[in-house]
Amino acid sequence: MPSFSGEPSFSGKQVFDVAIVGGGPAGLAAAMYLARFLRSVISLDAGHARAKLIPKSRNCPGFPDGISGEELLGRLRAQAQLYGASLVHGCVGHAEKREGFFVLTTTCGIVQARRVILATGIVDKAPPIERLEEAIATGIVRLCPVCDAYEARGSRIGVVGPEHLAVREALFLKGYGSQVALLANNQDDVSEAARGVDDLIPRRTGFDVVMAEGAPMRNIDVVYPSMGSDVRSELAVALGANCDAEGYVLVNRHLETSTPGLYAIGDVAEGLNQIAVAFGDAAKAGTHIHNDLRDCAEPATNFRRS
């Protein structure tokens, strides 16, 4: 559960300028921008930010010595709260749009807002590795080659996933690892010429690779899953926003969806899945929302019930 100091109370009759769903880098940066624009903003965080899994990011701009995901999120929360954003731990179970306002039914009450930003992210698919979160924390499983292939340079790297996904990632990693191998235990995932893998056994500094059909055991230092992801776009769909075939929310250059007033930023809108991109999305969406609210004539008054 995220740590919030002075967690606010609010009335279901209050109408916020903006409600943000998601407490990762994208959502928190958007909250900070909008608060500095003097907008009333509430951020709803279910506590499942993908960034929490980062043991240390060394490609986040401004942190040359690296920063853990937990520390980065803590700094972002403090910065958003400093300027007046309301940060609440809660899940959104239902969302609809009534008379030009968004109504979110959450575990901490009804939230009403003139605009909504979805920063709900994705969930990486991963192989059934024993003590997976511990393996991620120690760096023997890595989720993002764009983020940290530099730290894996010179390593023996295994890429796990169906061939059509894993080959592309393996080719990217080829320039970093001393050896790069595709690992699969499902024959449907690879061509007939490939040798399958029965098991990955985690060790302190890597994995023992148990080969299929009695082939000699191999050893690797790092595993990169390349199995795709589940996009948390359910709320976007509920609010009528268009998504692509993989579930990513489609947005325009301002990060607005096909549902007017609804925005999607960060990983839930297809991109590089990078913290720097999340910050850029937050700045663009936040600025557009501020200008749009300033130019429109909608009053920020109590919600009009039908």
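Everything in this summary refers to the structure shown in the same document. (Residues numbered from 1 in each chain as written. Predicted model: local features only at pLDDT ≥ 70, side-chain atom pairs only at ≥ 80, totals over all residues. Heavy atoms only, no water.)

### Some remarks on the pattern of salt bridges
Inference 1: Enumeration according to the criterion identifies 14 salt bridges in this entry.
Inference 2: For arginine 156, the salt bridge identified is with aspartate 221, shortest N-O distance 2.9 Å. Of this pair, arginine 156 sits in strand 8 (residues 156–160) while aspartate 221 sits in the loop between strand 12 (218–220) and strand 13 (222–225); the two residues are 65 residues apart in sequence, bridging distant segments of the chain.
Inference 3: Judged by relative accessible area, arginine 156 falls into the partly exposed class, the value being 31%.
Inference 4: The structure contains a network of salt bridges with shared partners spanning Asp17, Arg39 and Arg114. (Salt bridge = Lys/Arg side-chain N within 4 Å of Asp/Glu carboxyl O. Helix = DSSP H or I, 4+ residues; strand = E, 2+ residues; numbered from the N terminus. Buried < 20%, exposed > 50% of the residue type's maximum accessible area, 1.4 Å probe, protein only.)

### Quick look at the state of the cysteines
Inference 1: Under the definition given, this model contains one disulfide.
Inference 2: What pairs with cysteine 144 in a disulfide is cysteine 147, and their sulfur atoms sit 2.3 Å apart. Taking the sign of the S-S torsion, 75° for the link of cysteine 144 and cysteine 147, the bridge is right-handed.
Inference 3: Note on cysteine 147: relative accessible area 24%, which makes it partly exposed.
Inference 4: The closest cysteine sulfur to the non-disulfide-bonded cysteine 108 is located on cysteine 91, 8.7 Å from its own sulfur.
Inference 5: On the basis of relative accessible area, cysteine 108 is assigned to the partly exposed category, the value being 29%. (Disulfide = S-S within 2.5 Å.)

### Looking at the sheet that holds strand 10 (residues 197–203)
Inference 1: Reading across the sheet, the three strands line up as 10-11-12 and stay open at both edges, with antiparallel pairing between neighbours. One side of each edge strand has no neighbouring strand; the edge strands of this open sheet are strand 10 and strand 12. Across the sheet, the mean angle separating the axes of adjacent strands is 25° when strand polarity is ignored.
Inference 2: Bridge analysis of strand 11 (residues 206–211) against strand 12 gives three bridges, and the strand direction is antiparallel. Note on strand 12: the bridge partner recorded for valine 209 is arginine 218. (Pairing = 2+ DSSP bridges. Axes fitted to C-alpha atoms, helices over the stretch in contact; angles between N-to-C directions.)

### Brief notes about helix 2 (residues 69–82)
Inference 1: With 14 residues, helix 2 extends 20 Å between its outermost C-alpha atoms, agreeing within 8% with the 20 Å of an ideal straight helix rising 1.5 Å per residue.
Inference 2: If you check which residues of helix 2 are buried, you get Gly69, Leu72, Leu73, Leu76, Arg77 and Ala80. One face of helix 2 carries all of its buried residues, which in axial projection span an arc of 135°.
Inference 3: Looking at the packing, one finds that the buried side of helix 2 touches helix 1 (25–36), strand 2 (41–45), strand 3 (86–89) and helix 7 (275–295).
Inference 4: Backbone geometry just after helix 2 places glycine 84 at a positive phi near 105°. (Expected span 1.5 Å × (residues − 1). Arc of directions from axis to C-beta. Contact = heavy atoms within 4.5 Å.)

### A word on the packing of helix 1 against helix 2
Inference 1: Helix 2 packs onto helix 1 with a crossing angle of 20° between their chain directions and a minimal axis gap of 8 Å. Judged by the inter-axis angle, helix 1 sits roughly parallel to helix 2. As helix 1 packs across helix 2, the resulting crossing turns out to be left-handed. From helix 1, Pro25, Leu28, Ala31, Met32 and Ala35 reach across to helix 2, where they touch Leu73, Leu76, Arg77, Gln79 and Ala80.
Inference 2: Broken down by class, the residue content of the contact of helix 1 with helix 2 amounts to eight nonpolar, one polar and one charged. (Parallel < 35°, antiparallel > 145°, perpendicular 65-115°, else oblique. Left-handed = near helix turned anticlockwise from the far one by under 90°. Nonpolar A, V, L, I, M, F, W, Y, C, P; charged D, E, K, R; others polar.)

Taken by themselves, the reported measurements are silent on function.
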